[in-house]
Amino acid sequence: MSVRSAIATWLTRLYFSRLRKKGGSLDLSVLAKLPDAALLPLRRDGLDPVPEIAALRDREPVSRLPIPGMTVWLVSGYDEAKEVLGDAKAFSNDFRHLVGVGGAGADQNPGGLGFCDPPDHTRLRRLLTPEFTMRRLSRLTPRIHAIVEEQLLHLEKAAHESPDSTADFVEHFAMPVPALVICELLGVPYEERDAFQQFSVARFDVLGGAGASFGAVSQSLDYLRGVVAEQRRNPGEGLLGMLVREHGDNITDEELTGLADGVLTGGLETTASMLALGTLILLQDREHFDALRDAEDPAAVAAPFVDELLRHLTVVQTAFPRFAREDVEVGGVRIAGGDVVIVSLSAADRDPRLGADMEAFLPGRPPASSHLAFGYGIHRCIGAELGKMELRAAFPQLVRAFPELRLGVPTAELEFRKLSIVYGVDSLPVRLTG
């Protein structure tokens, strides 16, 4: 698939509800002529956003994406990103803006918090928030540490059984850890891990095409509807069971399904990517590896390490699309009602206005401001603290379990995802001994 065809697929899949032909189909012949500049929000060079987006951010933090026939704004500056993400009155997240795009129907609305506006968003988030406080999440701490320990053993076994003594870190650690944690949280069987992984990765893979993405959404929702039906009959001890017991009359099955799907896709692929790419950073810079391994208080060292890792990597490259409800000015630029706004989280998190040398990974840097890796405003990821808990547990246990951990292939041979909303690497071969 050509670069221009790929970006056309991305646009049809996620963002736009214009450029219709007769009969309501999208005119891909126009999108196929897009310039390469339209790819900027999703392009990276290894672990780093391409230099072109930094140059654009510094020169023009609110800029037009060159897309014929529609007005789409790219917001790449930190202050401007916070302004857009924090203004739910001026900007809408409603999924209905996407109906009809790339084959998306109203029945494929994933629901949850990411694609709805107040007052529905307010009501649903109020139901979920108590379960995502640190006090409630602390009950998962022993299980998270146990899950990490179990997967370290699986990783060791895979390396031992491999002919070349390498193991795929993504397959045996980075993906299973958050999958198991999500199953614990929701109260669904871990046996469904493979389906979880398939649904999550497919919907974020731009190169898979619009049909594949929306198909993955449909499959995911169908499966989770069955889980919700079972929880209605026999409420368990997880999040879904709690919602049924405490709010069963005030929440529909479709809303429960959407919330479960949001937890699944928001917490699986993102955390898996952070674990894989964070480990790659550790293996590329042994100073960070040794500091974490040798720390007398691993928790104290892991906290700033993870926070800087989240900012530096910002694996969720763009926020959910925003649709301007009315004329509004952002960063001195007039955005008209009906325009589409895409926020580049990865560019905003490296804005030099945040501090010195923001392109570098410096765990000891003072937190000049809050990063946007989890978003901002009412749509900030509700599972942010859970994700941090997983990362803070995983990295210290990993480096202590395998102090001689090394990459199993040259860095140049790693295949990073191309044009994916959630950036990552699909395979990370490692050796557990030097």
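Residues numbered from 1 in each chain as written. Predicted model: local features only at pLDDT ≥ 70, side-chain atom pairs only at ≥ 80, totals over all residues. Heavy atoms only, no water.

1. Regarding the overall build of the protein chain
- Helix and strand content of the protein chain: 18 helices and 12 strands.
- Split into buried and exposed, the 434 residues of the protein chain put 56% on the buried side.
- Considering only intrachain contacts with a sequence separation of at least 6, the fraction spanning at least 24 residues in the protein chain is 73%.
- Split by element, the accessible area of the protein chain, about 17800 Å² in all, is 52% carbon and sulfur. (Helix = DSSP H or I, 4+ residues; strand = E, 2+ residues; numbered from the N terminus. Buried < 20%, exposed > 50% of the residue type's maximum accessible area, 1.4 Å probe, protein only. Contact = heavy atoms within 4.5 Å. Areas by Shrake-Rupley, 256 points an atom, 1.4 Å probe, with all protein chains shown as cover.)

2. Observations regarding the side chain of Q397
- As for its placement among the helices and strands, Q397 is situated in helix α18 (residues 384-401).
- Apart from residues no more than four positions distant in its own chain, Q397 is found in contact with H145, V148, E149 and L152.

3. Considering the pairing of strand β4 (residues 72-75)
- Going residue by residue along β4, you find V72 and L74 tucked away on one face and W73 and V75 tucked away on the opposite face as well.
- One ladder, built from three bridges, connects strand β3 (residues 62-64) with β4; its direction is antiparallel. Each bridged residue has a counterpart across the sheet, and for V62 the counterpart in β4 is V75. (Pairing = 2+ DSSP bridges.)

4. A look at the side chain of K388
- Within the element layout of this structure, K388 appears in helix α18.
- If near-sequence neighbours (up to four positions away) are discounted, K388 is found in contact with D307, L310, F374 and R380.

5. A look at the environment of P49
- In this structure, P49 sits in strand β2 (residues 48-49).
- In this structure, the C-alpha to C-alpha distance between P49 and H312, residues 263 residues apart in sequence, is 9.9 Å.
- When residues no more than four places from it in sequence are discounted, the contact partners of P49 are R43, R44, S346 and R350.

6. Section: the packing of aromatic side chains
- Evaluated as defined, the whole model comprises four aromatic pairs.
- Between F169 and F173, the aromatic rings sit 5.1 Å apart at their centres with planes inclined by 35 degrees, giving tilted as the arrangement. You can see F169 and its partner F173 sitting in helix α8 (residues 169-174), four residues apart, about one turn around the helix.
- Pairing F416 with Y423 gives two aromatic rings, centres 5.8 Å apart and planes at 5 degrees, and the pair type is stacked.
- Accessibility expressed as a relative area gives 17% for F416, which makes it buried.
- Members of the aromatic cluster, connected to one another through ring pairs, are F305, F361 and F395.
- Of note, R286 hangs over the ring of F289, and the distance from its end group to the ring centre comes to 4.0 Å. (Phe/Tyr/Trp six-rings, centres within 6.5 Å; stacked < 30°, edge-to-face > 60°. Lys NZ or Arg CZ within 6 Å of the ring centre and 35° of its normal.)

7. Describing helix α5 (residues 120-128)
- For α5, the full list of buried residues reads H121, L124, R125, L127 and L128. Along α5, the residues classed as buried sweep out an arc of 155 degrees about the axis, all on the same side.
- Next to the buried residues of α5 lie α12 (239-247) and α13 (253-267). (Arc of directions from axis to C-beta.)

8. Brief notes about the environment of A319
- Tracing the chain through its elements places A319 in the loop between α16 (298-313) and β7 (322-324).
- Judged by its relative accessible area of 12%, A319 falls in the buried class.
- As for A319 and F374, which are separated by 55 residues in sequence, their C-alpha atoms are 9.1 Å apart.

9. What about the pattern of salt bridges?
- Counted according to the given criterion, the structure contains 25 salt bridges.
- Residue E131 is joined to R136 by a salt bridge in which the shortest nitrogen-to-oxygen separation is 2.0 Å.
- Classification of E131 as buried rests on a relative accessible area of 5%.
- Measuring nitrogen to oxygen at the nearest pair gives 3.8 Å for the salt bridge that ties E161 to K157. Here E161 pairs with K157, and both are found in helix α7 (residues 141-161), just four residues apart, close to one helical turn.
- Overall, the relative accessible area of 55% leaves E161 in the exposed class.
- One salt-bridge network, in which partners are shared between bridges, spans D79, E80, D351 and R353. (Salt bridge = Lys/Arg side-chain N within 4 Å of Asp/Glu carboxyl O.)

10. A few points about the sheet that holds strand β11 (residues 406-407)
- Taken in spatial order, the three strands make up an open sheet running β6-β12-β11, and their pairing is antiparallel. Of all the strands in the sheet, just β6 (166-168) and β11 have a single pairing partner and so form its edges.

11. Re unusual backbone geometry
- The residue after P118, namely P119, is reached through a cis peptide bond having omega 10 degrees.
- The topology assignment puts P119 in the loop between β5 (91-92) and α5.
- The backbone of T314 sits at a positive phi, close to 35 degrees, despite the residue not being glycine.
- Of note, T314 is situated in the loop between α16 and β7.

Honestly, it's all geometry; don't read function into it.
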